[in-house]
Number of protein chains: 2
Amino acid sequence: MSRLPAIQSETSIAIIAHVNPDGDSLGSIMALGLALKKKCSNVNIFLNDELPGRYSFLPEVHLLKKYPSCDVEGFDLCFVLDCGDDRRIGEIDLLKKSKTVVNVDHHISNNEYGDINFVKTDASSTCEIVYSIIKEELEIELDQQIATCLYTGIVTDTGNFRYDSTSAHTHRVAAELLELGVNLEEITFQLYQNNSLNSTKFLGYILNQMEVYFEGKVTLIVVREEVLKKYSLRNDEVEGIVNYARDIEGVEVAAILKEVNSNEVKLSFRAKRDYDVNQLAKEFGGGGHRKASGATVAGKISIVKEELIRKLEKMI
Amino acid sequence: MSRLPAIQSETSIAIIAHVNPDGDSLGSIMALGLALKKKCSNVNIFLNDELPGRYSFLPEVHLLKKYPSCDVEGFDLCFVLDCGDDRRIGEIDLLKKSKTVVNVDHHISNNEYGDINFVKTDASSTCEIVYSIIKEELEIELDQQIATCLYTGIVTDTGNFRYDSTSAHTHRVAAELLELGVNLEEITFQLYQNNSLNSTKFLGYILNQMEVYFEGKVTLIVVREEVLKKYSLRNDEVEGIVNYARDIEGVEVAAILKEVNSNEVKLSFRAKRDYDVNQLAKEFGGGGHRKASGATVAGKISIVKEELIRKLEKMI
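What counts, and at which threshold
- Residues numbered from 1 in each chain as written.
- Chains lettered and ligands numbered in written order.
- Predicted model: local features only at pLDDT ≥ 70, side-chain atom pairs only at ≥ 80, totals over all residues.
- Heavy atoms only, no water.
- Least-squares fit on C-alpha atoms with pLDDT ≥ 70 in both.
- Contact = heavy atoms within 4.5 Å.
- Axes fitted to C-alpha atoms, helices over the stretch in contact; angles between N-to-C directions.
- Helix = DSSP H or I, 4+ residues; strand = E, 2+ residues; numbered from the N terminus.
- Parallel < 35°, antiparallel > 145°, perpendicular 65-115°, else oblique.
- Left-handed = near helix turned anticlockwise from the far one by under 90°.
- Nonpolar A, V, L, I, M, F, W, Y, C, P; charged D, E, K, R; others polar.
- Phe/Tyr/Trp six-rings, centres within 6.5 Å; stacked < 30°, edge-to-face > 60°.
- Buried < 20%, exposed > 50% of the residue type's maximum accessible area, 1.4 Å probe, protein only.
- Lys NZ or Arg CZ within 6 Å of the ring centre and 35° of its normal.
- Salt bridge = Lys/Arg side-chain N within 4 Å of Asp/Glu carboxyl O.
- Buried area = accessible area lost by both parts, 1.4 Å probe.
- Polar contact = N/O pair within 3.5 Å; in protein donor to acceptor, adjacent residues only side chain to side chain.
- Domains from an automatic or database assignment.
- Core = buried A, V, L, I, M, F, W, Y, C linked by side-chain atoms within 4.5 Å.
- Pairing = 2+ DSSP bridges.

Colleague: Would you take a moment to explain the relation of the copies chain B and chain A for this structure?
Modeller: The second copy of the chain is related to the first by a rotation about an axis and a shift along the axis. Overlaying chain B on chain A yields an RMSD of 0.0 Å, the required transformation being a rotation through 180 degrees with an accompanying axial translation of 0.0 Å. Taken together, the rotation angle and the small translation identify this as a two-fold axis. In terms of C-alpha distance to the rotation axis, chain B has glycine 204 of chain B as its closest residue, with the C-alpha 1.9 Å off the axis. Taken together, the interface assignments show that 100% of the residues at the interface of chain B recur at the interface of chain A, consistent with an identical surface on both copies.

Colleague: How do you make sense of the packing of helix α4 (residues 144-157) of chain B against helix α6 (residues 184-192) of chain B when you look at a structure like this?
Modeller: Helix packing geometry: the angle between the two helix axes and the distance between the axes. All names here are of chain B. Viewed as axis vectors pointing N to C, α4 and α6 meet at an angle of 50 degrees, and their least axial separation amounts to 11 Å. In terms of orientation, α4 lies oblique with respect to α6. The element α4 and its partner α6 pack so that their crossing is right-handed. Here Thr148, Tyr151, Thr152, Val155 and Thr156 of α4 lie close against α6, whose contacting residues are Leu184, Ile187, Leu191 and Tyr192. Among the residues forming the contact of α4 with α6, the class breakdown is six nonpolar, three polar and no charged.

Colleague: Even after reading the chapter, I still don't get the packing of aromatic side chains, so can you show me in this structure?
Modeller: Any aromatic ring pair is given by two values, namely how distant the centres are and how the planes are angled relative to each other. For the structure shown, the criterion picks out 14 aromatic pairs over all chains. Where phenylalanine 46 of chain A meets phenylalanine 75 of chain A, the ring centres are 5.9 Å apart and the plane angle is 65 degrees; that geometry is what we call edge-to-face. Of the two residues, phenylalanine 46 of chain A is situated in strand β2 (residues 42-47) and phenylalanine 75 of chain A in the loop between β3 (65-66) and β4 (77-81); the sequence distance between them amounts to 29 residues. Relative accessible area serves as the criterion here: at 3%, phenylalanine 46 of chain A is assigned to the buried category. Where tyrosine 213 of chain A meets phenylalanine 214 of chain A, the ring centres are 6.1 Å apart and the plane angle is 45 degrees; that geometry is what we call tilted. Cluster of aromatic residues (ring-pair linked, three or more members): Tyr151 and Phe161 of chain A together with Tyr151 and Phe161 of chain B. Of note, arginine 3 of chain A hangs over the ring of phenylalanine 118 of chain A, and the distance from its end group to the ring centre comes to 4.2 Å. Lying across the ring of phenylalanine 284 of chain A, lysine 311 of chain A places its NZ or CZ 5.4 Å from the centre.

Colleague: Would you mind showing me how to read the pattern of salt bridges here?
Modeller: Opposite charge on two side chains lets them pair, provided their charged atoms get close. Using the criterion set out here, one finds 26 salt bridges over all chains in the structure. We note a salt bridge from lysine 291 of chain B to glutamate 185 of chain A, for which the minimum N-O separation is 2.5 Å. In this pair, lysine 291 of chain B sits in the loop between β11 (287-288) and β12 (292-298) while glutamate 185 of chain A sits in helix α6 (residues 184-192), so the two residues belong to two different chains. As a salt-bridge pair, glutamate 259 of chain A and arginine 224 of chain A come within 3.8 Å of each other at their nearest N and O atoms. Of the two residues, glutamate 259 of chain A is situated in strand β9 (residues 253-261) and arginine 224 of chain A in the loop between β8 (218-223) and α8 (225-230); the sequence distance between them amounts to 35 residues. Using a relative accessible area of 11% as the deciding quantity, one classes glutamate 259 of chain A as buried. Salt bridges sharing common partners tie together Asp164 and Lys291 of chain A together with Glu185 of chain B.

Colleague: Sorry if this is basic, but what is going on with the interface of chain B and chain A here?
Modeller: Reports of interface size often rely on the accessible area that becomes lost once the parts have come together. Chain B puts 44 residues into the contact, and the matching count from chain A is 45 residues. Regarding the contact of chain B and chain A, the summed buried area is about 4000 Å², with carbon and sulfur atoms giving 57% of it. The interface formed by chain B and chain A includes four salt bridges. Inspection of the chain B/chain A interface yields 16 residue pairs in polar contact (both at pLDDT 80 or more). For the side of chain B that touches chain A, the secondary structure elements donating two or more residues are α5 (168-179), α6, α7 (197-209) and α9 (241-246) of chain B. In terms of residue count, the dominant contributor to the side of chain B that touches chain A is α5 of chain B (eight residues). Tallied by class, the residues present in the side of chain B that touches chain A amount to 17 nonpolar, 13 polar and 14 charged.

Colleague: So what exactly am I meant to see when it comes to the domain arrangement of chain A here?
Modeller: Residue and element names in this part refer to chain A. Taken domain by domain, chain A consists of domain 1 (12-192) and domain 2 (197-315). Each of domain 1 and domain 2 has a C-alpha centre, and these two points are 26 Å apart. Facing the twelve residues of domain 1 at the interface are 14 residues of domain 2. Summing the contributions of domain 1 and of domain 2, the shared interface buries around 940 Å²; its carbon and sulfur component is 43%. Counting across the domain 1 and domain 2 interface gives one salt bridge. The closest approach of N and O atoms between aspartate 164 and lysine 291, which form a salt bridge, is 3.1 Å. Between domain 1 and domain 2 we count three residue pairs in polar contact (both at pLDDT 80 or more) in total. Considering only residue class, the side of domain 1 that touches domain 2 consists of four nonpolar, five polar and three charged.

Colleague: I keep staring at the nonpolar core and nothing clicks. Help me out?
Modeller: The tendency in soluble globular proteins is for nonpolar side chains to be buried side by side. One finds Phe79 of chain A together with Phe79 of chain B to be the most contacted residues of the largest nonpolar core, which totals 112 residues. Beyond its immediate stretch of four places on either side in the chain, phenylalanine 79 of chain A contacts Leu4, Ile13, Ala14, Ile15, Ile16, Leu32, Leu36, Val102 and Val104 of chain A. Leu203, Ile221, Leu233 and Ile256 of chain A belong to the second-largest nonpolar core, a separate cluster that totals 38 residues.

Colleague: Would you explain the sheet that holds β12 of chain B in this entry?
Modeller: Sheet strands pair by backbone hydrogen bonding; their relative direction is either parallel or antiparallel. All names here are of chain B. Spatially, six strands are ordered β7-β8-β9-β10-β12-β11 in an open sheet, and the strand pairing comes out mixed. Strands at the two margins of the open sheet, each flanked by one partner only, are β7 (211-213) and β11. Here three bridges tie β7 to strand β8 (residues 218-223), and the two strands are oriented antiparallel to one another. Bridging across to β8, glutamate 211 finds its partner in leucine 220. Contacting β7, β8, β9 (253-261), β10 (264-271) and β12, helix α11 (residues 301-315) runs over the sheet at an angle of about 165 degrees to β9.

Colleague: Teacher, can you tell me more about the side chain of serine 28 of chain B here?
Modeller: Residues and elements named next belong to chain B. Among the structural elements, serine 28 can be located in helix α1 (residues 23-37). Given the relative accessible area of 0%, serine 28 is considered buried. If we skip the residues at most four places from it in the chain, serine 28 touches Leu81, Asp82, Thr126, Cys127 and Val130.

Colleague: I tried to follow the pairing of β10 of chain B on my own but got confused; where do I start?
Modeller: Strand residues, when the strand is regular, have side chains that alternate between the two faces of the sheet. Residues and elements named next belong to chain B. Among the eight residues of β10, six are classified as buried, and the element is accordingly described as predominantly covered. Note: β9 against β10, eight bridges, orientation antiparallel. From the neighbouring strand, alanine 254 faces β10, where its bridge partner is arginine 270. Counting the residues that bridge the hairpin from β9 to β10 gives two residues. Pairing analysis gives seven bridges linking β10 to β12, with the strands arranged antiparallel. Counted as the bridge partner of arginine 270 is alanine 292 from β12.

Colleague: Can you walk me through unusual backbone geometry in this structure?
Modeller: For residues besides glycine, phi is generally negative; the peptide bonds are generally trans as well. Positive phi outside glycine occurs at glutamate 112 of chain A, with the angle close to 50 degrees. Among the structural elements, glutamate 112 of chain A can be located in the loop between β5 (100-105) and β6 (116-119). Using a relative accessible area of 47% as the deciding quantity, one classes glutamate 112 of chain A as partly exposed. Its identity as a non-glycine residue notwithstanding, serine 232 of chain B has a phi of 35 degrees, on the positive side.

Structure representation (structure tokens):
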């Protein structure tokens, strides 16, 4: 029996994800939205930010509404996807205006803020949970478009089935999605083979700038606003770089500090085996997973960096 | 019914792969060897070269025999795995000395040189074929060690399930292997998170040296012997770098030219969508797949480079 309230064709539905959307949040809101549209006429898929360029190949993204710029009424149901913390949803508080909030997430830091919570911290991705909700709770048939969105979320959040959140179930879901007609060549091309020449040059530059601390156990990458401007990179082109800093022999924790402006820094952390960077991110008011987390911090980048090094020294 | 001759406990068996072994060739020879050892007492797994460091975590690799240095008798059965061309097997011609040669491969360039050929060009990897042979032809039960070898071959040859040779079947095999106890965290760590600091610095250097031709459709990386020495890299640490050159917007073909010595060059090619680099590799006496191929060429690197650029100009 479904844990969701009865959904009629006239039920009004909002679907939202976290700010700075990634493949899993975009894949999951689009997949759930496309599925619900088969049943309901009033489905609204909201995005806080611009759609990152590398995800513009996802089907039907023209349906996305940028929500600080549109009038938002209350909804019968508000699905919040891939969002460990209700503070990460952004400016407008859709949650308070909606009758029932459904929280669907796999982050270990999730604080179960929904009226109904589908929180599975052992799922590889929110898309893996949405797959089950569409099939088992909503009993809506998957199609090629929905499968494409779900597959994209799964591959981006598992580092292509590399992270240990990948289970036999994850692979079986992937198998079924491929059979629904997912164009793997196209997804691989769009996500991984279409980097700008500038972002590749930037990677070369940044690997030369990388700082090594605590006998090689920690690597730090500092990205100044002016460098981002020089290479004219989009935000989503910087995301994966912290992985290079982690994937070095002996490194346990890698961090990237990205200067958003002179008084704001975005931190991303990666851990390898024994360290918990979810805890570290929490100390900066953020969160995520044990091995991948982040936070946005007010302050000058040099000060934030000093604070980070102090915290890392205690941790390592 | 099995296509293989009857295998008794005293049947003598050799298992070999191609020179310059990669994850798929090592994974497949080890998996098949460990499986056959459950049934036969005389199983010999041969390797032409040193075991590349990143694969030393594979179970039971101490069983590998380096075959130019040991006396080789004739065998009842000789399995040649992941080898498109019998010239790629190396110095000693085990094939002529063996009663029955079994050719197991997925390369499109395979010329069916075996007495029995299991050539499936739509398989993601030789490991995927070996999985079926162990289960269906040999009817030997898989275990955690065999699964680890097979999983390693599948992930390395599919670029972590990214290449379009990845099928629903590939994912279902992967699911079953994980259920047999494959330690995904360990495989990911050994293959991807344990790069030397030098190889990461080398990546930065090489991305800055990359050459761009034909209005951005071709990228070329030239690696001189002295640079390899300067960074003291192992051969297998250079392998993946050509992918960075391919994965740039607008690039159709990427090539790396690695100077083996003053009169030998190893070429690796990658194509994106419309070009066939198997054909290009054949022109240099090599082979592989449509989108990934290679060759080893005699000659000075500067001369080989000129020849390559001429061929690319015709192709693009």
